[in-house]
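What the coordinates show
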Amino acid sequence: REDLKGLYSALLVPFNEDGSVNEEGLRKIIRHNIDRMNIDGLYVGGSSGENFLLGKEEKKQIFEIAKDEAKDQIKLIAQIGSSNIYEAIELGKFVTDLAYDAISAVTPFYYRFNADEVYNYYKEITENVENDLIIYSIPLLTGVDMGIKDFERLFKLPRIVGVKYTSADFYLLERLRKTFKQQLIFSGFDEMLVPAVANNVDGAIGSTYNVNGIRSRQIFDAVKSNDLQKALEIQNLTNDFISAVLNNGLYQTLKYILQREVKSDKQFYSRKPMAQITEEQKQEAENIYQKFIK
Ligand code: HMN
């Protein structure tokens, strides 16, 4: 459990124009994260990987490529959650055979599942997959809002080791940390890293760490060593970057920057129905790149 702590990039996946996975580009992004961002691990198959737009075989392909490229150089967490629980279990077994360090599962979404249904979903996955599981809570995208009682029940399941907490509710985060000292809590909003680390999270998982990993590590370390002034300065600069990225289109802009960073001459497409980057967005992405990353 302790071993899983750290800073993880939520791996972005480049696609070809026809929607297939750009394997060469993906390998380059993984190398960039390991060799230049100095990241502790990768969160594969998350929102940032456009995972919920993919088929099962494509998810497997991405899990395989990530393991093959990263080997044991960094930690790997696979997001296998799906509203199709049979697929989630199959993917969980698949990545466990590939020796992923842990699995993570998004709360089941689309239908408005009640707390018992969410609980049974995790119970069934953990009873069938022999790996540690990190709950992926992202109410903004799933509409599934869990309270302290829901977490308490879930954390009693033997294989559940923590939560990736993508929410701006810092009251709940404080309560969770205080109550569940043995569970791992990963912060999910990169722009709120300072308050998350101040609340003693065990790590963070985010999309912007793919390109802003070095500064994010500095923020993490500065809060840890009680240098709040320094941490805030870097967070302020980081948030100038993040808000520019969000204004210009999150995935389009991050992919553009990654394409520049890894010197790929092939465009890193998004998966439909996600929109492709426009000429105007490209220009702004270039400005953002020059100003904050290069
Ligand atoms: C994932 O599952 O891929 C990510 O870890 C999700 C992650 O928490 C991101 N959240 C969303 O995109 C909603 C953040 O990294 C986010 O992109 C960033 O904080 C900018 O808002």
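In short, a report on the structure. Just so it is clear, the model here is predicted, and its values are computed rather than measured.

Around the ligand sit 18 residues, and of these Ser 48, Tyr 136, Lys 164, Gly 188 and Glu 191 come closest. Tallied by class, residues from the shell around the ligand come to 8 nonpolar, 7 polar and 3 charged.

On to the packing of helix H4 (residues 115–128) against helix H6 (residues 148–155). Interaxial distance between H4 and H6 falls to 10 Å at its minimum, and their mutual angle equals 25°. The orientation of H4 with respect to H6, classified from their angle, is roughly parallel. In terms of crossing hand, the pair formed by H4 and H6 is right-handed. For the pair H4 and H6, contact is made by Ala 115, Asp 116, Tyr 119 and Tyr 122 and by Asp 150, Arg 153 and Leu 154, respectively. When grouped by side-chain class, the residues that make up the contact of H4 with H6 number 4 nonpolar, no polar and 3 charged.

What follows is about unusual backbone geometry. Leaving glycine aside, a negative phi is the common case for residues, and trans is the common case for peptide bonds. Residue Pro 273 follows Lys 272 across a cis peptide bond; omega there is 10°. Locating Pro 273 in the fold gives a position in the loop between helix H11 (250–261) and helix H12 (279–293). Its identity is not glycine, yet Asn 38 carries a phi of approximately 55°, on the positive side. Relative to the helices and strands, Asn 38 is located in the loop between helix H1 (23–36) and strand E2 (41–44). Phi at Ala 99 is positive, roughly 70°, even though this residue is not glycine. As for its position among the elements, Ala 99 is in the loop between helix H3 (85–97) and strand E4 (102–106).

Mapped onto the elements of the fold, Gln 218 is located in helix H9 (residues 209–224). What makes Gln 218 partly exposed here is its relative accessible area of 34%. C-alpha of Gln 218 to C-alpha of Ile 103: the two residues are 115 residues apart in sequence and 27 Å apart in space.

This next bit is on the environment of Gly 6. Relative to the helices and strands, Gly 6 is located in strand E1 (residues 6–10). Contacts of Gly 6, omitting those with residues within four sequence positions, involve Asp 40, Phe 186, Asp 202, Gly 203 and Ala 204.

The geometry of an aromatic ring pair is captured by the separation of the ring centres together with the interplanar angle, meaning the angle of the planes. Scanning the entire structure with this criterion turns up 10 aromatic pairs. With a centroid separation of 5.6 Å and 85° between ring planes, the pair formed by Tyr 8 and Phe 186 is classed as edge-to-face. Residue Tyr 8 is found in strand E1, and its partner Phe 186 is found in strand E7 (residues 184–187); the two are separated by 178 residues along the sequence. Linked through ring pairs, Tyr 110, Tyr 111 and Phe 113 together constitute an aromatic cluster. Lying over the aromatic face of Tyr 119, Arg 153 brings its terminal NZ or CZ to 4.4 Å of the ring centre. One Lys or Arg, Lys 164, reaches over the ring of Tyr 43 and ends 5.4 Å from the middle of that ring.

Definitions and cut-offs
Residues numbered from 1 in each chain as written. Predicted model: local features only at pLDDT ≥ 70, side-chain atom pairs only at ≥ 80, totals over all residues. Heavy atoms only, no water. Near = heavy atom within 4 Å. Nonpolar A, V, L, I, M, F, W, Y, C, P; charged D, E, K, R; others polar. Axes fitted to C-alpha atoms, helices over the stretch in contact; angles between N-to-C directions. Helix = DSSP H or I, 4+ residues; strand = E, 2+ residues; numbered from the N terminus. Parallel < 35°, antiparallel > 145°, perpendicular 65-115°, else oblique. Left-handed = near helix turned anticlockwise from the far one by under 90°. Contact = heavy atoms within 4.5 Å. Buried < 20%, exposed > 50% of the residue type's maximum accessible area, 1.4 Å probe, protein only. Phe/Tyr/Trp six-rings, centres within 6.5 Å; stacked < 30°, edge-to-face > 60°. Lys NZ or Arg CZ within 6 Å of the ring centre and 35° of its normal.

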